[in-house]
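For reference, the chains in residue letters:
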Amino acid sequence: MPTITRRKLLASAALAPVVGSLAAGEPGSPHRGATISPREKLRELHFPNVPLTTHTGKQVHFYDDLLKDKIVTINFMYTSCTDTCPLTTAHLVKVQKLLGDRVGRDIFMYSLTIDPKHDSPAVLKSFAEKFHTGPGWLFLTGKDEDLELLRVKLGFIDPDPEVDKDRANHIGTVEYGNEPLMLWGACPGLAHPEWIAKEISWVIQAG
Amino acid sequence: MYYNVFGEKVSRARWKEMENAAKNRRELIAAGFNRRDLFKMGLLTSAGYLVAKRGLSARWGSLVPEMQAASPLVKPFVQAMPIMPVKSEENNLNPAPTVAPNTAGGEARTRNHQALTLFPPQKFYKLTALAKQVSVSPSLPAQTLWTYDGFSPGPTFVSTYGQPILVRNFNQLPPPSQNGGFGLPSTTRHLHNGHTPSESDGFPCDFFSSQNASSLYWYDQHYPMQYAGILSTHPGTGDINEALSTLWYHDHRVGFTAQNTYKGLVGYHLFFNQSDTGDETTGFHLPSFPQYDIPMVFADKNFDSNGMLAFDMFALDGLLGDTFEVNGVVQPFLQVQPRRYRFRWLNIGPSRFFQLFMTNAQDQSTLPFWALANDGNLLPKPVQVSSVTIGVAERYDVIVDFTNFAGQTFYIENRLVQNNGLGPDDPPVLAAPGQGNLLLKVIVSGNKNVQDNSVDPSTITMPRFYSLPDTTPTPAVTRTFKFDRLNGMFSINGQFMDCDVVRFTVTRDTAEHWVLGNLSGNWQHPIHIHLEEHQILSRNRMPPPDFEMSRKDVTRLHQNERIELFFRFRDWTGRYPLHCHNTVHEDHAMMLRWEIQPSPQGDTNRTP
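Calculation criteria
Each residue is numbered by its place in its chain's sequence as written, counting from 1. Chains and ligands are labelled sequentially in the order written, the chains with letters from A and the ligands with numbers from 1. Given that the model is predicted, a residue must reach a pLDDT of at least 70 before its local features are reported, and side-chain atom pairs must reach 80 or more before they are shown or counted; all residues, however, enter totals for whole chains, interfaces and linings. The side-chain values count all of the structure's non-hydrogen atoms but skip hydrogen atoms and water molecules. Numbering of helices and strands runs from the N terminus; a helix is a DSSP stretch of H or I covering at least four residues, while a strand is a stretch of E covering at least two. For the exposure calls, accessible area comes from a 1.4 Å probe over protein chains only, and a residue counts as buried if that area is under 20% of its type's maximum, exposed if over 50%, partly exposed in between. Contacts between residues were defined by any pair of non-hydrogen atoms, one from each residue, lying within 4.5 Å. Using the Shrake-Rupley algorithm and a 1.4 Å probe, accessible areas are obtained, with residue cover drawn only from the displayed protein chains. Pairing between two strands requires that DSSP report at least two bridges joining them. Each nonpolar core is a collection of buried residues, namely Ala, Val, Leu, Ile, Met, Phe, Trp, Tyr and Cys, held together in the definition by side-chain atoms within 4.5 Å. In this description, the term disulfide denotes a pair of cysteine sulfurs within 2.5 Å. Each Phe, Tyr or Trp ring (for Trp, its six-membered ring) is paired with any other whose centre lies within 6.5 Å, and the angle between the two planes then decides the class: stacked below 30 degrees, edge-to-face above 60, tilted in between. A helix's residues, less one, multiplied by 1.5 Å, set its expected span. By salt bridge we mean one thing: a side-chain nitrogen of Lys or Arg within 4 Å of a carboxyl oxygen of Asp or Glu. As a per-residue quantity, pLDDT reports the predictor's confidence and falls between 0 and 100. Angles shown run from 0 to 180 degrees and are taken between the N-to-C directions of axes, each axis being a line fitted to C-alpha atoms and, for helices, limited to the stretch in contact.

(A) Highlighting the overall build of chain B. Within chain B, the regular secondary structure consists of four helices and 35 strands. Burial statistics for chain B: of 608 residues in total, 67% are counted as buried. Of the contacts made within chain B by residues no fewer than 6 positions apart, 76% connect residues no fewer than 24 positions apart. Surface accessibility of chain B: about 19500 Å² in total, with carbon and sulfur atoms responsible for 50%.

(B) The overall build of chain A, seen in detail. Each helix and strand counted, chain A has eight helices and seven strands in total. Across the 207 residues that make up chain A, the buried fraction comes to 57%. Summing over all exposed atoms, chain A offers an accessible surface of approximately 8500 Å²; the carbon and sulfur share of this is 56%.

(C) Seen up close, the sheet that holds strand β26 (residues 489–492) of chain B. All names here are of chain B. The six strands are arranged β26-β25-β28-β33-β30-β31 in an open sheet whose pairing can be described as mixed. Both edges of this open sheet fall to β26 and β31 (551–552), since each of them pairs with a single strand only. As paired strands, strand β30 (residues 534–539) and strand β33 (residues 562–568) are joined by four bridges and run antiparallel to one another. Within the sheet, the bridge partner assigned to R539 lies in β33 and is I563.

(D) Looking closely at the nonpolar core. F62 and I74 of chain A are the most contacted members of the largest nonpolar core, which has 80 residues in total. The element best represented in this core is helix α8 (residues 193–206) of chain A, accounting for seven residues. Not counting the four nearest positions on each side in its chain, F62 of chain A is found in contact with F47, P48, N49, V50, L52, L67, I74, L112, L150 and L154 of chain A. Grouped together as the second largest cluster of nonpolar side chains are 32 residues, V336, F354, V400 and F410 of chain B included.

(E) Expanded view of the state of the cysteines. Using the criterion set out here, one finds two disulfides over all chains in the structure. Paired through a disulfide, C81 of chain A and C85 of chain A show a sulfur-sulfur distance of 2.4 Å. In this structure, the disulfide formed by C81 of chain A and C85 of chain A twists by about 100° around the S-S bond and is classed as right-handed. Relative accessible area serves as the criterion here: at 9%, C81 of chain A is assigned to the buried category. Look at C85 of chain A and you get buried, because its relative accessible area is 1%. At a sulfur-sulfur separation of 1.9 Å, the disulfide partner of C205 of chain B is C499 of chain B. Disulfide C205 of chain B-C499 of chain B: the torsion about the S-S bond is -85°, which places it as left-handed. Taken as a pair, C205 of chain B in the loop between β6 (189–192) and β7 (208–209) and C499 of chain B in the loop between β26 and β27 (502–507) lie far apart in primary sequence, 294 residues in all. The residues C205 of chain B and C499 of chain B share a single accessibility class, namely buried.

(F) Representation of the packing of aromatic side chains within the structure. All names here are of chain B. Per the counting criterion, the structure on display carries 48 aromatic pairs over all chains. Plain terms: the ring middles of Y262 and F311 are 5.0 Å apart, the flat faces sit at 75° to each other, and that makes the pair edge-to-face. Of this pair, Y262 sits in helix α3 (residues 257–262) while F311 sits in the loop between β12 (309–310) and β13 (323–326), and the two are 49 residues apart along the sequence. Judged by its relative accessible area of 4%, Y262 falls in the buried class. Relative accessible area serves as the criterion here: at 10%, F311 is assigned to the buried category. Between F343 and F402, the aromatic rings sit 6.1 Å apart at their centres with planes inclined by 50°, giving tilted as the arrangement.

(G) Broad picture of unusual backbone geometry. Residue and element names in this part refer to chain B. Of the consecutive residues N94 and P95, the connecting peptide bond is found in the cis state with omega at 0°. As for its placement among the helices and strands, P95 is situated in the loop between α2 (35–40) and β1 (123–134). Cis rather than trans, the peptide bond between S152 and P153 has omega equal to -5°. The topology assignment puts P153 in the loop between β2 (143–148) and β3 (157–160). The phi angle at Q331 is positive, at roughly 40°, despite the residue not being glycine. Its place among the elements puts Q331 in the loop between β14 (329–330) and β15 (333–336).

(H) Expanded view of helix α4 (residues 84–99) of chain A. Residue and element names in this part refer to chain A. The end-to-end C-alpha distance of α4 is 22 Å, a good match for the 22 Å that 16 residues give at a rise of 1.5 Å each. For α4, every residue scored as buried is listed here: T84, C85, T88, T89, H91, L92, V93, V95, Q96 and L99. After α4 finishes, the residue G100 shows a positive phi value of roughly 65°.

(I) Broad picture of the pattern of salt bridges. Residues and elements named next belong to chain B. Within this structure, the stated rule accounts for 43 salt bridges over all chains. In this structure, E413 and R415 form a salt bridge, with 2.9 Å as the shortest nitrogen-oxygen distance. The burial state of E413 is the same as that of R415; both residues are buried. The partner of R539 in a salt bridge is E561, with the nearest N and O atoms 2.9 Å apart. Remark: E561 occurs in the loop between β32 (554–557) and β33 and R539 occurs in strand β30; sequence separation between them is 22 residues.

(J) A look at the confidence of the model for chain B. All names here are of chain B. When pLDDT is averaged across chain B, the result is 90; 89% of the residues are at 70 or more. This stretch, residues 20–68, has a pLDDT under 50; its non-local contacts, to residues over four places away or in other chains, come to 122 contacts. Interface scoring of the predicted complex returns ipTM 0.88; its pTM is 0.90.

(K) View of the environment of S467 of chain B. Looking at the secondary structure, you find S467 of chain B in the loop between β24 (437–444) and β25 (478–486). Sequence spacing of S467 of chain B and P101 of chain B is 366 residues, and the spatial spacing of their C-alpha atoms is 39 Å.

(L) Fine view of the sheet that holds strand β6 (residues 173–178) of chain A. Residue and element names in this part refer to chain A. Taken in spatial order, the seven strands line up as β2-β1-β5-β4-β3-β6-β7 in an open sheet, and their pairing is mixed. Here the strands that pair on one side only, and so sit at the sheet edges, are β2 (59–61) and β7 (183–188). Neighbour-to-neighbour, the strand axes of this sheet turn through a mean angle of 30°, independent of strand direction. The pairing of strand β3 (residues 71–77) with β6 spans four bridges and is classified as antiparallel. Residue pairing for β6: T73 is matched across the bridge by Y176.

(M) Just the pairing of strand β29 (residues 525–529) of chain B, in detail. All names here are of chain B. Most of β29 sits inside the fold, with five of its five residues counted as buried. Across the two faces of β29 the burial is the same, with H525, I527 and I529 and P526 and H528 all buried. Here β29 runs beside β32; their pairing, made up of four bridges, is antiparallel. The residue bridging I527 from the neighbouring strand is T555, located in β32. Two elements, β29 and strand β34 (residues 574–580), share three bridges in a ladder whose sense is antiparallel. What sits directly across from H528, in β34, is H579.

(N) Representation of the pairing of strand β19 (residues 369–374) of chain B. Residues and elements named next belong to chain B. Counting buried positions over the six residues of β19 gives six, a clear majority of the element. Note: β19 against strand β20 (residues 377–385), five bridges, orientation antiparallel. In the sheet register, F369 faces β20, and the bridge partner there is V385. If you look at the hairpin formed by β19 and β20, you'll find two residues sitting between the two strands, and D375 has a positive phi there, around 55°. Note that β19 and strand β22 (residues 395–401) share four bridges and pair antiparallel.

(O) Local environment of helix α6 (residues 144–153) of chain A. Among the residues making up α6 of chain A, those that are buried are D146, L147, L150, R151 and K153 of chain A. Within two residues after α6 of chain A, G155 of chain A carries a phi angle of roughly 85°, on the positive side.

Right, dumping it as structure tokens:
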């Protein structure tokens, strides 16, 4: 059973202020406090700067080292996954080839494990080697709670808590984005590699 | 053994997921929104009055705590509802439109016009997508939105059957560095439910860049303004019973439709003819446009703590807003006369389903009204209803009779509770009258001396408008489409959108049956199919309700449902999409490309 039932959520809804009901309160001033730039706001909401370890053993921070000023792809995986993960990874290998030498220069690919207890840097390294991934593509592990935070913040979630518990539901999506332009999209990892590469190109040229 | 709605064996995990969804629904019903529970939850006082400053949160279900941060409170009903201006025509276009794409002149079109010579345009328009600073509420700072010609919603096109038109679309959207976030400045404008040749349809993959980014930055769309059947079943005239009334246009950029339409790229396009004239003294005697025939665009939005429009690009299951706009402004008011009105209602999403009621502000009673058209298609006769449910992209034309309500006030109210991108619960949970989302305040003038030459719907007892086209022709093929959630994305028959993959080809001028099946547990999907209107033959093998005995272009696919549709594919050839119109689902791959070609190029792929 989910820890928070819908019933509890419903009850808590009664306490939330609402915009748009007969009973809506007085409007607040929209100009209160210092304004934050949209880029800063996006970072605050979605890109926690948690520490991670790459498959080569390097310590990095998610926002500062991996996202800032870059075009990236992000997906979740785990090495013991037998079905969707290897297929998505195989597709991304083709995507990396299609994007050519831009990967590692201005496009970076990140595969984050959803199973950090098992997926140590060494395990990720051998996984990467098995797939012959090229430079510019990092496999990342870290603390369980940090990776869980990233999963939720990046939207690799399901609104049904029971479905959300099954990690197999989170490993088929590839997000792609242009951090400085604040432009993000997502596509299925099981789409044709040519199509995935095309989608990524939209936020590179951006228009 | 476990089985789904198709009677197919499913895994235990999948069955458990379906069962769980059902359990959650039962739990919600158990938690229910009946009077007593509302009272217990503090939403109603013992006398039945509303509790001040409380109500149903529009987005209490988010899994991410920060995303529950509500938009700044906005003072409602302080500004008049804008009416979109009617689009004015050009004397001519320079360079003149050509059958082949004018690539040298900057046109981004890739395919020849198939009907330009046959139906030469009599009216010409220019429409420009551009960024503009607008006000959505006196409580919020000015917003830079994406507009058509500086308006969001864009200007209302008004066209007449038999008078072909050509619209030259320009893309002058700013580069992404100036966007302040979401939105891809690359567009393709779809005329939603137009019987339009493929190259002018606004196919999602026919996108083109902004003038800032490319030498190809404009695109001509030709609308023949003919009834379906003009080149096939009803040569020379087309089938009058395929007449369309309320259409809308919107950006359809593959992968970015949710962001781009949310940023403002939507508008209305109305079609009139000798029966639906826009003049209440002629034809069907429907309330006159534009005084008494009023298009309304409903949307739910979020604003950040700076009061700026916010779009969560990481909400991959769907996006609900907590602030409600009508015609581009937050909770406006509309002044009307005590007489009959034709309201045209459109839900532009991105993900919310509305169930709209007319709530009397004095006593919270519900005013019945008349459903006149479903998805812009006149019903054979008006149907009296207490509410209409309207998924993303669906339209209802309604007749509301304010004759006996001089001096009173009403709200157009959404009472349908929805908590996430899944869709509303099944069966739907409704808020108590006055406790839903109040979208528009309608103030009826006290002046009782008002002329009304429009027909009284209560006097129409026999079918008077268009007849429903025959659905008895034998289908050339019955195709099945299963909509499912797959690995965090959305699939049709286990596959994802790819512009370069043609999933099946229909033989032009044939009829088919399409079965839409929803396997995705608790998810609901408003399914839209381009080119011709379909009719619902059955929902879970039962006939649809009377207000769905109509021609439609968006059909709501509820939880674990099987719907059978009747289709014809007449007159034109080329590529069209089938997709979910929850724009977040659509952008996350719940779409496919299909084609129409003359015989013998069609196929009979039953599960494409």
